[in-house]
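What the coordinates show
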Amino acid sequence: MFKRIKNKSFRYACIALYFVVLFFCALELNFLWLFGYSPTIKDIKSPAINIVSELYTSDGKLIGKYFKENRTPVEYDSISPALIDALVATEDVRFYKHSGIDIRSLLSSIVSTAGGDKRGASTITQQLAKNLYSTRNRKSQGFIKYIPLVRTVIYKLKEWVTAYKLENYYTKNEIITLYLNTVPFGNNTFGIKTASKRYFNKNVNRLQVEEAALLVGMLKATTTYNPIRNPEKSLERRNIVLSQMQKYDYLTEKEYVKYSQRPLKINPGSIDEGSDGGSYLRSAVSRYLEKWCEENDYDLYADGLKIYTTIDSRMQQYAEEAVNNHMKILQRRFENVWGNENPWRTSDGKEILDFPEKAAQRLPYYTFLKKRYNGNQDSIDFYLNRPKKMKVFSWNGEKEVDFSTIDSIKYYAKILNTGMMTLDPFNGHIKVWVGGINHNYFKYDHVNQAKRQAGSTFKPFAYLAALESGMSPCDKYIDQAVRIPYTMRGKTEYWEPKNSSYTFSGREMSLRWAMGKSVNSITAQITEKVGAENVVKYAHECGIESDLKAVPSVSLGPNDVSVFEMVKAYGTFLNKGVRSEPILVEKILDLDGKLIEEFKSEQKRTLSEEIAWLMLYMLRGGMEEPEGTSQALWEWDLWKNNNQIGGKTGTSSDYVDGWYMGVTKDLVTGVWVGCDERSVHFKTSETGEGSRTALPIFGKFMEKIYRDKSLGISQGPFPKPGVKITREYQCVSPRFSRDTSFVDSLIIDTISIPKEDLDTAKGVNSGPKPIISTKLPENRANPAPENKTPASPKSEPSTEVNQTRKEIRDERKQNKNKPVN
């Protein structure tokens with residue numbers, strides 16, 4: 001084909017051009033996988049920049065970020081002109097004159113390098129091509145990468161081609177903006193906006209000339225010229241940039257002298273604003289949005305989303321303050337209780353001697369040692385017990401210690417943890433989420449990842465089943481020893497529940513009084529009457545999703561549930577019988593502020609409005625009934641404006657788990673406290689009871705909430721029922737001398753659910769022998785509705801409530817030096 005060209009010089013030129021074109025076609029097409037991937041026109045038009053997604057509270061406070069590279073983009077108009085001048089003067093003085101490849105600079109660089117003065121010739125556009133499309137990473141490499149010199153030439157040629165494409169699609173200002181938004185500045189800081197915040201705590205448009213010069217100077221070597229780590233070298237490099245600006249007339253000589261004589265004046269700012277307190281929350285939101293991102297093809301860590309949670313920053317702060325304040329107290333109490341004794345114990349109080357070793361076997365480090373030393377136990381034990389320096393959590397701040405792995409296990413096993421959640425059940429918005437005491441050291445979220453025995457906080461579902469079966473809050477049962485039959489593996493066994501005080505009063509109590517005082521014997525009788533299956537049924541209806549075993553003791557809380565589930569379930573009572581699915585995210589915006597998705601709580605009626613109101617009335621019994629287990633709340637300033645609070649304490653066997661579920665007219669809050677290891681717990685009710693571990697956190701939290709008038713959450717009574725109440729519910733309980741030994745615990749009354757056989761349960765037969773069957777006379781167990789006079793919804797006199805409160809206050813004054821339930 002080329003033989004037709006008679007002029008040899010022209011022919012050879014055409015042949016050379018032909019092979020050059022052929023070569024670049026092969027380069028672009030990655031012929032035979034020799035050259036690796038090259039950016040296409042589509043890639044050029046839509047560059048894939050990893051942009052930080054930001055997490056906000058409902059009131060607009062930034063509390064965290066999601067990123068692969070910590071980068072927030074900035075527009076050209078928001079960039080300080082001094083920054084652009086410094087960049088062009090230092091990196092590419094002919095930037096506005098070339099088309100991506102500066103031939104003059106390239107030739108000059110070759111000559112200088114040949115003379116011993118090694119200089120680079122990459123333009124800003126070429127550097128952008130390398131940063132934006134990672135032209136030298138594995139994806140962009142072909143088989144040619146195994147030939148050292150050739151691969152360098154290929155890399156450079158691909159940068160040239162990509163730079164040429166960029167110049168043909170973007171303006172110079174757009175290229176400058178893209179470049180400044182992509183370059184790294186060290187310390188996991190990407191882009192000029194993030195760097196400006198990191199090193200000077202200011203916006204990009206407010207950068208002074210010397211500050212702009214410092215940041216541009218860092219681009220040569222982010223570690224070497226880091227102003228925090230190497231201030232002297234950073235200052236020297238900054239002044240070189242300023243001299244370049246003077247050389248190319250961006251600064252006068254007088255300005256150069258002025259700026260170069262200024263000190264660094266670094267003012268580091270936080271680029272993870274609010275992240276420490278919101279770490280559990282950030283993790284919870286990422287789990288919450290995982291499915292949504294997959295279904296809608298979004299990358300939470302790269303797409304620059306703006307996520308607005310339902311969390312109120314003020315309420316979140318008050319919750320964290322209440323948790324921190326009380327958990328410090330509890331940790332000191334726990335350490336004082338056990339002293340020099342090891343707290344990992346069996347149910348009968350015996351120390352579990354091999355506890356640390358067994359715990360070590362669950363660690364990945366143990367698996368590594370076992371594999372490395374071929375199962376040699378002596379070698380494994382040596383390394384498990386070898387001390388090394390490490391930093392550990394403490395309530396007095398992070399401390400450095402010399403701990404072995406076994407020491408670390410022992411130390412952390414004794415640390416109490418907590419989970420807390422507050423819900424507005426009317427719209428399903430989660431207002432508070434505290435997953436634990438410190439996310440840096442305890443990653444496990446105790447709101448929705450951890451599940452623990454609910455203890456007596458599960459009892460309301462038994463009373464709910466009773467109301468659904470036709471009973472009323474005024475129906476009466478006798479507090480007495482009972483013997484309940486059940487079948488296990490085809491054999492009839494008997495469960496003999498005990499009260500926490502180890503005694504039975506023999507008193508006849510209304511359902512409201514029994515629930516308010518948390519009487520195990522009456523709860524067991526009610527459960528037998530309505531059926532354990534129905535208790536499970538209504539718990540599921542209200543929002544408990546965990547697998548619940550319908551054992552005779554189900555109402556006493558032996559099943560594991562989460563704080564999230566319990567708060568959702570109690571929210572059904574406050575929301576007039578409508579179950580609201582809690583939502584953690586309210587809306588999501590894209591990088592440009594356009595609304596992508598708005599979330600609404602799914603709501604479903606599961607209880608009648610009458611039953612829901614009666615359950616709130618029953619929950620108030622913890623404060624208003626004699627010896628109600630919520631009355632420790634009188635310690636806090638919560639009782640102005642005729643305020644009413646419903647609630648339920650709970651403590652699992654051996655004081656392993658402490659709970660409090662609190663309900664006001666506006667909010668539902670759940671709190672759990674305990675150690676992550678279930679064999680580690682308090683010794684007695686005086687120290688480990690739910691009313692002493694979890695309830696105070698609720699009290700301190702609500703006290704702060706009520707004092708902040710800006711929240712719009714006021715004190716006051718629960719709303720009157722919106723429907724006619726057809727059950728009798730006004731039944732005043734007699735008051736007796738306070739039983740100061742009373743506690744609300746399941747220390748010996750629970751049928752345990754063995755891990756090896758969750759479908760069966762073994763009875764607890766120790767303690768006093770039963771004296772009577774639960775088969776009560778029909779008119780006592782379930783009085784006929786027609787013998788009762790239905791109360792009008794408006795017939796509940798406030799004077800009765802005030803009188804009840806006065807009696808409780810007087811009672812507390814008489815017993816102020818005695819243990820509080």
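Analysis parameters
- Residues numbered from 1 in each chain as written.
- Predicted model: local features only at pLDDT ≥ 70, side-chain atom pairs only at ≥ 80, totals over all residues.
- Heavy atoms only, no water.
- Helix = DSSP H or I, 4+ residues; strand = E, 2+ residues; numbered from the N terminus.
- Buried < 20%, exposed > 50% of the residue type's maximum accessible area, 1.4 Å probe, protein only.
- Contact = heavy atoms within 4.5 Å.
- Areas by Shrake-Rupley, 256 points an atom, 1.4 Å probe, with all protein chains shown as cover.
- Salt bridge = Lys/Arg side-chain N within 4 Å of Asp/Glu carboxyl O.
- pLDDT = per-residue confidence, 0-100.
- Disulfide = S-S within 2.5 Å.
- Pairing = 2+ DSSP bridges.
- Expected span 1.5 Å × (residues − 1).
- Phe/Tyr/Trp six-rings, centres within 6.5 Å; stacked < 30°, edge-to-face > 60°.
- Axes fitted to C-alpha atoms, helices over the stretch in contact; angles between N-to-C directions.

**Considering the overall build of the chain**
Helices and strands together make up the secondary structure of the chain, namely 29 helices and 20 strands. Burial analysis of the chain (821 residues in total) assigns 54% to the buried set. Contacts in the chain between residues at least 24 apart in sequence constitute 72% of all its contacts with a sequence separation of at least 6. Of the roughly 37,900 Å² of accessible surface on the chain, 50% is carried by carbon and sulfur atoms.

**Side note on the pattern of salt bridges**
Side-chain pairs of opposite charge can arise whenever the charged atoms involved come near each other. This model, assessed by the stated rule, comprises 26 salt bridges. Lys202 is paired through a salt bridge with Glu211; the nearest N and O atoms lie 3.1 Å apart. Here Lys202 and Glu211 have matching classes, each one buried. In this structure, Arg620 engages Glu624 in a salt bridge whose closest nitrogen and oxygen atoms are separated by 3.2 Å. Of the two residues, Arg620 and Glu624, neither departs from the other in class, the shared state being buried. Counted as one network, the salt bridges with shared partners bring together Arg512, Arg620, Glu624 and Glu625.

**Looking at the confidence of the model for the chain**
Summing up the model confidence of the chain, the mean pLDDT is 84 and the portion of residues at 70 or higher is 79%. Of the regions scoring below 50 in pLDDT, residues 747–804 engages in 124 contacts with residues more than four places distant in sequence or in other chains. Here residues 811–821 is modelled with pLDDT under 50, and outside its nearest four sequence neighbours on either side it reaches 26 contacts, counting other chains as well.

**Looking at the state of the cysteines**
If you walk through the whole model with that rule in mind, you get one disulfide. Disulfide pairing places Cys474 opposite Cys731 at an S-S distance of 2.2 Å. The sign of the -95° torsion about the S-S bond sets the Cys474-Cys731 disulfide as left-handed. Of the two residues, Cys474 sits in the loop between helix 18 (459–468) and strand 9 (476–478) while Cys731 sits in the loop between helix 27 (695–707) and helix 28 (778–781), which places them 257 residues apart along the sequence. We note that Cys474, like Cys731, is buried.

**Notes on the pairing of strand 6 (residues 416–424)**
Where burial is concerned, most of strand 6 is hidden: nine out of the nine residues are buried. Neither face of strand 6 is exposed, since Leu416, Thr418, Met420, Thr422 and Asp424 on one face and Asn417, Gly419, Met421 and Leu423 on the opposite face are all buried. Where strand 6 meets strand 20 (residues 668–675), eight bridges bridge the pair, whose relative direction is antiparallel. By the bridge assignment for strand 20, Leu416 is matched with Cys675. Inspection of the sheet shows strand 6 paired to strand 7 (residues 429–434) by five bridges, in the antiparallel sense. Each bridged residue has a counterpart across the sheet, and for Met421 the counterpart in strand 7 is Trp433. Hairpin connection, strand 6 to strand 7: the antiparallel pair is bridged by four residues, and Gly428 has positive phi, about 80°.

**Things to note about the pairing of strand 19 (residues 657–663)**
Burial within strand 19 is extensive, with seven of its seven residues counted as buried. Both faces of strand 19 are covered, namely the face carrying Asp657, Trp659, Met661 and Val663 and the face carrying Gly658, Tyr660 and Gly662. Where strand 18 (residues 646–651) meets strand 19, six bridges bridge the pair, whose relative direction is antiparallel. Within strand 19, the residue paired with Thr649 across the bridge is Tyr660. Between strand 18 and strand 19, which pair antiparallel and follow one another directly, the connecting turn spans five residues, one of which, Asp654, has a positive phi of 65°. Across seven bridges, the pairing between strand 19 and strand 20 is antiparallel. Following the sheet pairing, Asp657 is matched in strand 20 by Gly674. Counting the residues in the hairpin turn of strand 19 and strand 20 gives four residues.

**Brief notes about helix 10 (residues 231–247)**
Along its 17 residues, helix 10 runs 24 Å from first to last C-alpha, staying within 8% of the 24 Å computed at 1.5 Å per residue. Taken together, the buried positions of helix 10 are occupied by Ser234, Arg237, Arg238, Asn239, Val241, Leu242 and Met245. Of the surrounding elements, those touching the buried residues of helix 10 are helix 3 (81–91), helix 9 (209–218) and helix 11 (253–260). In the segment just after helix 10, Asp249 is the residue with positive phi, at about 65°.

**Describing the packing of aromatic side chains**
Scanning the model with the defined rule gives 29 aromatic pairs in all. An aromatic cluster is defined as three or more aromatic residues linked by ring pairs; in this entry it consists of Phe393, Trp395, Phe403, Tyr411, Tyr412, Tyr441 and Phe442.

**Re the sheet that holds strand 1 (residues 53–56)**
Here five strands make up an open sheet; going across it, the order is 2-1-3-15-16 and the pairing mixed. With one partner strand each, in any of the chains shown, strand 2 (62–66) and strand 16 (595–598) form the two edges of the open sheet. Sheet twist, expressed as the average angle between the axes of neighbouring strands with direction ignored, equals 20°. Here three bridges tie strand 15 (residues 585–589) to strand 16, and the two strands are oriented antiparallel to one another. Within strand 16, the position partnered with Lys587 by the bridge is Glu598. Against the sheet, helix 12 (residues 279–296) contacts strand 1, strand 2, strand 3 (306–309), strand 15 and strand 16, and its axis sits at roughly 50° relative to strand 2.

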